[in-house]
Amino acid sequence: MARALKYVIQLAAVGAIYFFLARCCLELASTYPTATAIWPPAGFALAAVLLGGYRVVPAIFAAAYFMNDASSVPTHVAVATAAGNAFEAFAGGLLVNWWAGGRNAFATPGRVAKFVLIAVITATISASVSSSVDVGVGASGRIERVDWEKLIAIWFPRWLGDLTAVLMITPPLILWVTERPRSFDLPLLLESTAIFAAAGALGAIAFSPLAASLPSAAPLAVFAMLPPIWAALRRGPRDTATAALILFGFAAWGTIFGGGPLAWSAHEGTPTLILVFVIGIAMPSLCLAVDAERRKHTESVLRDTRTELAQAREQFAQSQKMEAVGQLIGGVAHDFNNLLTVIVGNLNIVQRHLESLSEAPAERLRRVINNAMRGAERATTITKHLLAFSRKQPHDPRPLNVGELIHGLSDFLRRTLGETITFDIIAADGLWLAEADPVQLEAAILNLAVNARDAMNAGGKLTITTDNIRLDERYCQQHKDLVAGPYVRITVSDTGTGMPKDVLERVFEPFFTTKGIGKGTGLGLAQVYGFVKQSGGHIEIDSEPGQGTTVMICLPALPGHVREEPAAERELRVGDAAPTILLVEDDHDVRAYVVEILRELHYRVLEAHDADSALGLIDRNDVRVDLLLADLVLPGMNGGQLAEEVKARQPEARVLFMTGYSRDAINSQWPTDPDVEVLHKPLMQDALERTLHATLNQAR
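Cut-offs and rules
Residues numbered from 1 in each chain as written. Predicted model: local features only at pLDDT ≥ 70, side-chain atom pairs only at ≥ 80, totals over all residues. Heavy atoms only, no water. Helix = DSSP H or I, 4+ residues; strand = E, 2+ residues; numbered from the N terminus. Buried < 20%, exposed > 50% of the residue type's maximum accessible area, 1.4 Å probe, protein only. Contact = heavy atoms within 4.5 Å. Areas by Shrake-Rupley, 256 points an atom, 1.4 Å probe, with all protein chains shown as cover. Pairing = 2+ DSSP bridges. Axes fitted to C-alpha atoms, helices over the stretch in contact; angles between N-to-C directions. Expected span 1.5 Å × (residues − 1). Core = buried A, V, L, I, M, F, W, Y, C linked by side-chain atoms within 4.5 Å. Polar contact = N/O pair within 3.5 Å; in protein donor to acceptor, adjacent residues only side chain to side chain. Parallel < 35°, antiparallel > 145°, perpendicular 65-115°, else oblique. Left-handed = near helix turned anticlockwise from the far one by under 90°. Nonpolar A, V, L, I, M, F, W, Y, C, P; charged D, E, K, R; others polar. Phe/Tyr/Trp six-rings, centres within 6.5 Å; stacked < 30°, edge-to-face > 60°. Lys NZ or Arg CZ within 6 Å of the ring centre and 35° of its normal. Salt bridge = Lys/Arg side-chain N within 4 Å of Asp/Glu carboxyl O. Arc of directions from axis to C-beta.

What the protein chain contains, in helices and strands, is 22 helices and twelve strands. The buried share among the 700 residues of the protein chain stands at 46%. A fraction of 74% describes how many contacts in the protein chain between residues 6 or more apart in sequence connect residues 24 or more apart. Here the protein chain displays about 36,300 Å² of accessible surface, and carbon together with sulfur accounts for 58% of that area.

The strand order across the open sheet formed by five strands is S9-S8-S10-S11-S12, and the pairing between neighbours is parallel. The open sheet terminates on both sides in strands that have one partner only, identified here as strand S9 (604–608) and strand S12 (677–680). In this sheet, neighbouring strand axes are inclined to one another by 20 degrees on average, regardless of whether the strands run parallel or antiparallel. Lying on the sheet, helix H20 (residues 639–649) is in contact with strand S8 (580–584), strand S10 (627–631) and strand S11 (654–659); it crosses S11 at an angle near 165 degrees.

Moving on: the environment of Val14. Tracing the sequence through the fold places Val14 in helix H1 (residues 2–31). In this structure, the C-alpha to C-alpha distance between Val14 and Val56, residues 42 residues apart in sequence, is 7.1 Å. Leave out the neighbours within four places in its chain, and Val14 touches Phe44, Ala48, Val56, Ala59 and Ile60.

Moving on to H1. Over its 30 residues, H1 extends 43 Å from the first C-alpha to the last, a length consistent with the 44 Å expected when each residue adds 1.5 Å. All of the buried residues along H1 are Val14, Gly15, Tyr18, Ala22 and Cys25.

Among the nonpolar cores identified, the biggest contains 65 residues, and Tyr18, Ile60 and Phe106 are the most heavily contacted of them. Excluding anything up to four places from it in sequence, Ile60 contacts Val14, Tyr18, Ala45, Val49, Asn85, Ala86 and Ala89. Residues Trp432, Leu448, Phe531 and Ile539 belong to the second largest nonpolar core, which totals 41 residues.

Our next topic: unusual backbone geometry. Here His602, not a glycine, exhibits a phi torsion of approximately 70 degrees, which is positive. Within the secondary structure, His602 is located in the loop between helix H18 (588–600) and S9.

Below, the discussion takes up the side chain of Asp494. Summarising the element assignment, Asp494 is placed in strand S5 (residues 485–494). On the basis of relative accessibility, which here comes to 12%, the residue Asp494 falls in the buried class. Looking at Asp494, its side chain comes within polar contact range of the main-chain nitrogen of Gly496, at 2.8 Å. Not counting the four nearest positions on each side in its chain, Asp494 is found in contact with Ala452, Met456, Lys461, Leu462, Gly548 and Thr549.

Turning next to the packing of H1 against helix H2 (residues 40–52). Between H1 and H2, the shortest axis-to-axis distance is 9 Å and the interhelical angle comes to 165 degrees. If you check the angle between H1 and H2, you find them roughly antiparallel. The two elements H1 and H2 cross, and the hand of that crossing is right-handed. Contacts between H1 and H2 pair Gln10, Val14, Ile17, Tyr18, Leu21, Ala22 and Cys25 from the former with Pro40, Pro41, Phe44, Ala45, Ala48 and Gly52 from the latter. By residue class, the composition of the contact of H1 with H2 is eleven nonpolar, two polar and no charged.

Strand direction decides the pairing type here: strand S1 (residues 398–400) and strand S3 (residues 433–436), joined by three bridges, are antiparallel. For Leu400, the partnering residue across the bridge sits in S3 and is Ala434. Sheet analysis places S3 next to strand S7 (residues 549–558), joined by two bridges and oriented antiparallel. For Leu433, the partnering residue across the bridge sits in S7 and is Leu558.

Both the distance between ring centres and the angle between the ring planes are used here to describe each pair of aromatic rings. With the rule as written, the count across this model stands at six aromatic pairs. With a centroid separation of 4.9 Å and 70 degrees between ring planes, the pair formed by Phe106 and Phe115 is classed as edge-to-face. The structure contains a cluster of three or more aromatic residues connected by ring pairs, namely Tyr54, Phe87 and Phe90. The ring of Trp176 has Arg238 sitting right over it, with the charged end atom 4.6 Å from the ring centre.

The next subject is the environment of Ile445. Mapping Ile445 onto the fold places it in helix H14 (residues 438–454). What makes Ile445 buried here is its relative accessible area of 2%. In this structure the C-alpha to C-alpha distance between Ile445 and Ile553, which are 108 residues apart in sequence, comes to 9.9 Å. When near neighbours in sequence (up to four residues on either side) are disregarded, Ile445 contacts Leu405, Ile406, Leu409, Leu413 and Ile464.

Tallying each qualifying case throughout the model produces nine salt bridges. The closest approach of N and O atoms between Asp619 and Arg649, which form a salt bridge, is 3.0 Å. Residue Asp619 is found in helix H19 (residues 611–621), and its partner Arg649 is found in helix H20; the two are separated by 30 residues along the sequence. Taken together, the shared-partner salt bridges in this structure form one network comprising Arg235, Arg238 and Asp239.

In this section: the side chain of Thr240. Structurally, Thr240 can be placed in helix H10 (residues 237–257). Residue classification places Thr240 among the buried residues on the basis of a relative accessible area of 1%. Ignoring anything within four residues of it in the chain, the contact list for Thr240 reads Pro228, Ala231, Ala232, Ser285, Leu286 and Ala289.

Bringing helix H3 (residues 57–69) into the picture now. Between its first and last C-alpha atoms H3 spans 18 Å; for 13 residues at 1.5 Å apiece the expected length is 18 Å, and the two agree. Of all the residues in H3, the buried ones are Val57, Ala59, Ile60, Ala63, Ala64, Met67 and Asn68. On an axial view of H3, the arc spanned by its buried residues comes to 160 degrees, and they lie on one face. Turning to H3, the residues buried within the fold contact H1, H2 and helix H4 (75–99).

Nothing here speaks to function; it is geometry throughout.
Here you go:
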């Protein structure tokens with residue numbers, strides 16, 4: 001019902017406007033019979049069809065019929081004339097939509113040219129129908145009786161009147177509807193007003209009867225071209241068409257009432273020349289405006305593209321720098337893990353041997369060793385931070401509810417922040433499950449909270465917000481390794497001191513810190529960055545001095561419910577005979593420490609420093625190996641290749657790898673069987689003992 005009512009109102013409005021314009025034009029023609037006919041309803045009708053669709057054609061036909069019927073013309077003449085007017089609008093709309101882009105007919109110079117050609121063609125329809133009826137072509141029934149000279153004399157002014165109306169009235173109507181101003185801009189509004197005022201002033205001088213008494217006013221018509229050209233170069237097609245319409249209004253005034261500077265002539269064709277002159281100003285100006293608008297748009301797109309390219313280059317350079325630093329740190333941390341394995345492992349051995357002693361010297365040694373152990377554990381933590389930044393830290397992603405994780409940390413975070421800082425959590429309803437390592441996510445949130453606390457010495461507010469977000473292709477193309485799709489966003493905002501741009505550009509660099517000596521390692525944000533990138537997510541920081549800091553973390557989401565199945569408990573079985581373990585490790589100190597641990601656990605141990613030596617031990621001694629314990633990165637043949645060779649010789653042998661890298665970081669260079677367990681350095685005796693026991697007793 002609402003749609004039907006809207007359609008009826010639209011038909012009534014179009015019909016009423018068309019009827020009013022037509023009656024005004026007929027009244028002017030009857031009052032000034034010598035004036036050249038200008039038929040504005042033709043321009044309005046085509047604009048109505050292009051804007052409202054073909055469904056408004058019946059309203060045009062009805063309005064044209066009632067207008068002609070009210071003029072006391074025969075019914076068949078009224079019907080024929082109305083049909084000609086309606087069909088002209090329908091045909092014009094059909095051709096413009098099909099060939100010239102419809103409402104976008106004034107988007108390119110080529111389309112404007114097509115619109116002009118369509119106007120020339122369709123203007124013949126109504127002129128031909130009405131002229132034929134007037135000379136009695138339909139009534140006479142014989143074509144040879146037609147007075148062709150009279151027909152052409154009637155047809156040409158009507159065709160020119162329809163053509164002028166379509167070219168001068170339709171473009172501004174379409175452009176004002178489709179290109180409405182999106183925002184108020186006073187300077188641009190004043191400039192448009194100045195253009196329209198100049199067009200009115202020059203139109204009055206060049207065309208209106210008011211300037212007929214001015215001496216030599218006719219040559220001033222050349223200056224009428226200036227406002228449309230000004231509008232074309234500065235304000236676009238809409239204002240250009242409007243300026244041309246203002247000039248056309250004054251030209252129509254001079255043509256209808258006579259006596260204008262250009263119409264003030266005894267020459268009968270002068271009014272026609274005026275219309276041609278105005279059309280000659282309007283259409284080239286409109287083409288110039290369209291071309292200038294396209295050029296501006298192209299330049300704007302080019303500027304945006306150059307800006308995006310510069311940003312992409314900057315991001316690429318930053319990414320390369322971070323990648324290089326990450327590779328360097330990853331290598332250093334890997335070697336550092338080997339050293340920590342030796343240090344921590346041997347300290348553990350000494351601690352176990354001292355447990356049986358109770359003398360005062362032994363107690364003192366225990367205190368010294370405990371201090372050394374604490375230092376080694378701190379070094380292990382720093383190494384983990386470095387590996388997290390370089391994305392080589394062991395990573396255990398799993399589906400988790402970020403909202404529940406943050407709420408679980410809330411009490412701890414409040415104690416960490418202190419009483420002077422207000423803490424608030426805003427969690428979205430229906431939060432998706434995220435895929436990330438929960439331990440590393442907790443560490444990342446704690447790092448961000450500590451940084452926020454340090455930035456709010458005088459107190460403030462920390463807000464953690466969680467919500468769902470979808471990153472599109474366009475956004476992801478601007479960021480390396482980011483895949484479009486659903487993400488869970490964690491936003492950490494504080495009201496602290498904020499950071500300047502030069503600091504903001506370096507916040508993710510390892511060991512970079514703005515804190516005083518001894519107050520920070522510069523690895524907190526580097527660890528957060530490494531964790532987020534290793535999780536396949538994205539991190540951004542927005543900060544300004546005095547405005548606080550906002551950190552946004554996007555983690556890949558798993559929409560829907562993901563069920564976590566508990567890992568099956570394995571039954572551990574230990575054989576009666578001591579298993580034989582082939583240990584292959586290129587670092588002598590690490591190898592010595594692991595041999596010591598294995599022998600304490602009562603395993604038989606064969607040791608080698610590389611793959612060739614290990615294979616030689618098997619071949620020469622004809623020994624049965626129960627388990628191969630090998631470093632994954634070895635000189636020459638790597639651990640994965642060695643495992644294949646050992647399996648070829650002894651299919652029953654089990655395999656266990658050691659490495660300072662994670663499986664994700666090494667799969668591309670040293671692919672291994674995904675079912676093979678990997679121990680990460682530094683090796684702790686308890687972890688080594690459990691893993692060996694489980695591997696040796698697992699089902700065949």
